[in-house]
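# Coordinates in review
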Amino acid sequence: MIFAANFKTNHTRQSTKAYLESLAFKLSQKRLEDRVLIFPPATALDRYEGDFTVGAQNAYPTRNGAFTGEIGLEQLEEFGIKTILIGHSERREYLCESQEKVAEKYRFFMEEGFEIIYCIGEPLEVRESGEKAVRDYLLAQFQGVDLSYKNVIVAYEPIWAIGTGRSATVEEIASTHAMLKTHMERLLLYGGSVKPANIKEIAAIEGVDGVLVGSASLDVESFSEMIFA
Ligand code: 13P
């Protein structure tokens, strides 16, 4: 299983350091086949010691240059960061990242050999329109994205399940993952209100290779409870 924590706009450099020190200690006892990825905010990126991978939540597809407020390859290389989240629904929605922009980032970081966690997910009105609508919507989010790239992990995160406390049902996750797996041969994470109370049933679903966790990852006790569940 892969356990990925997306801190979003939470935690400081100081609290991330304390979190990761505590996590590193706990992980020295984890199962060997599990992998842990942590996506702290950009200001907390650093070199950390521990059996986990630290990645960037976002970066601009450039080595460096005039892109006010953004970070590029140069700022990631300083800390040896080689993993990045691309296509998260919050960036698509609030930061107005079009599919074209998302695909451009994907290409750039693919060419740089990054491990990419590529996020897709449908809004509630699409889910309510039925399975075909969901399939069409999700597959459109693969436009311009080369899934033959070996170093990509896909994360399915239904928007209506993110931060709402209401995860998708086991049936919804199982059928969506099964559908997605007929279109790609990549590891597939589920994200959306994953928490200690539902990790076991979500992790047991066929086609779920791991989870991408927001709110319930912010507390190191809660996140490690999921890893050791
Ligand atoms: P929550 O776990 O808070 O629902 O967030 C999921 C998510 O968006 C992870 O990327």
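Keep in mind that what you see is a predicted model, and the values were worked out from it rather than measured.

As a further point, take the site of the ligand. Close to the ligand lie 13 residues; K8, G163, S193, G214 and S215 are nearest. A distance of 2.6 Å separates an oxygen atom of the ligand from a polar atom in the backbone of G163. Here S215 contributes a side-chain N or O atom positioned 2.4 Å from an oxygen atom of the ligand. If the ligand stood free it would expose 310 Å²; the protein chains cover 99% of that surface. Residue composition of the shell around the ligand, by class: four nonpolar, seven polar and two charged.

Another aspect to go through is the packing of aromatic side chains. Any aromatic ring pair is given by two values, namely how distant the centres are and how the planes are angled relative to each other. One pass over the structure, following the stated rule, counts eight aromatic pairs. Aromatic pair F109 and F114: ring centres 5.0 Å apart, planes at 70°, arrangement edge-to-face. The exposure class of F109 is buried, given its relative accessible area of 0%. Take F114: its relative accessible area is 1%, and that puts it in the buried class. Through a chain of ring-to-ring contacts, three or more aromatic side chains come together here, namely Y106, Y118, F142 and Y149.

Moving on, we get to the pairing of strand β8 (residues 210-213). Residue alternation in β8 divides its side chains into two sets, G210 and L212 and V211 and V213, and both sets are buried. In terms of strand pairing, strand β1 (residues 2-6) meets β8 through four bridges, oriented parallel. When the sheet's bridge partners are listed, A5 is paired in β8 with V213. Judged from the three bridges that link them, strand β7 (residues 188-191) and β8 form a sheet pairing that is parallel.

The next subject is the packing of helix α1 (residues 13-27) against helix α9 (residues 220-227). Two numbers describe how α1 lies on α9: the axes approach to 10 Å, and their chain directions differ by 25°. Put simply, α1 runs roughly parallel to α9. For α1 against α9, the interelement crossing comes out right-handed. Residues Y19, S22, L23, K26 and L27 of α1 form the contact with α9, whose own contacting residues are V220, E221, F223, S224 and I227. Tallied by class, the residues present in the contact of α1 with α9 amount to six nonpolar, two polar and two charged.

With that settled, consider α1. Because an α-helix packs 3.6 residues into every turn, residues spaced three or four apart end up facing the same way. The end-to-end C-alpha distance of α1 is 20 Å, a good match for the 21 Å that 15 residues give at a rise of 1.5 Å each. All of the buried residues along α1 are T16, Y19, L20, L23, A24, K26 and L27. The buried residues of α1 all sit within an arc of 160° when viewed along its axis, so they share a single face. Within α1, the exposed residues directed more than 90 degrees away from the buried face are Q14 and F25. In this structure, the buried side of α1 is in contact with β2 (35-39), β3 (53-54) and α9. Its side-chain oxygen at 3.3 Å from the backbone nitrogen of Q14, T12 defines the N-terminal cap of α1.

Next up on the list: unusual backbone geometry. In this structure, K8 is a non-glycine residue whose phi angle is positive, near 55°. Relative to the assigned elements, K8 resides in the loop between β1 and α1. For H11, which is not glycine, the phi torsion reads 80° and is therefore positive. Considering the arrangement of structural elements, one finds H11 in the loop between β1 and α1. Under the relative-accessibility criterion, H11 is labelled partly exposed at 27%.

What counts and what doesn't
Residues numbered from 1 in each chain as written. Predicted model: local features only at pLDDT ≥ 70, side-chain atom pairs only at ≥ 80, totals over all residues. Heavy atoms only, no water. Near = heavy atom within 4 Å. Polar contact = N/O pair within 3.5 Å; in protein donor to acceptor, adjacent residues only side chain to side chain. Areas by Shrake-Rupley, 256 points an atom, 1.4 Å probe, with all protein chains shown as cover. Nonpolar A, V, L, I, M, F, W, Y, C, P; charged D, E, K, R; others polar. Phe/Tyr/Trp six-rings, centres within 6.5 Å; stacked < 30°, edge-to-face > 60°. Buried < 20%, exposed > 50% of the residue type's maximum accessible area, 1.4 Å probe, protein only. Helix = DSSP H or I, 4+ residues; strand = E, 2+ residues; numbered from the N terminus. Pairing = 2+ DSSP bridges. Axes fitted to C-alpha atoms, helices over the stretch in contact; angles between N-to-C directions. Parallel < 35°, antiparallel > 145°, perpendicular 65-115°, else oblique. Left-handed = near helix turned anticlockwise from the far one by under 90°. Contact = heavy atoms within 4.5 Å. Expected span 1.5 Å × (residues − 1). Arc of directions from axis to C-beta.

Limitation: the analysis is restricted to geometry and does not speak to function.
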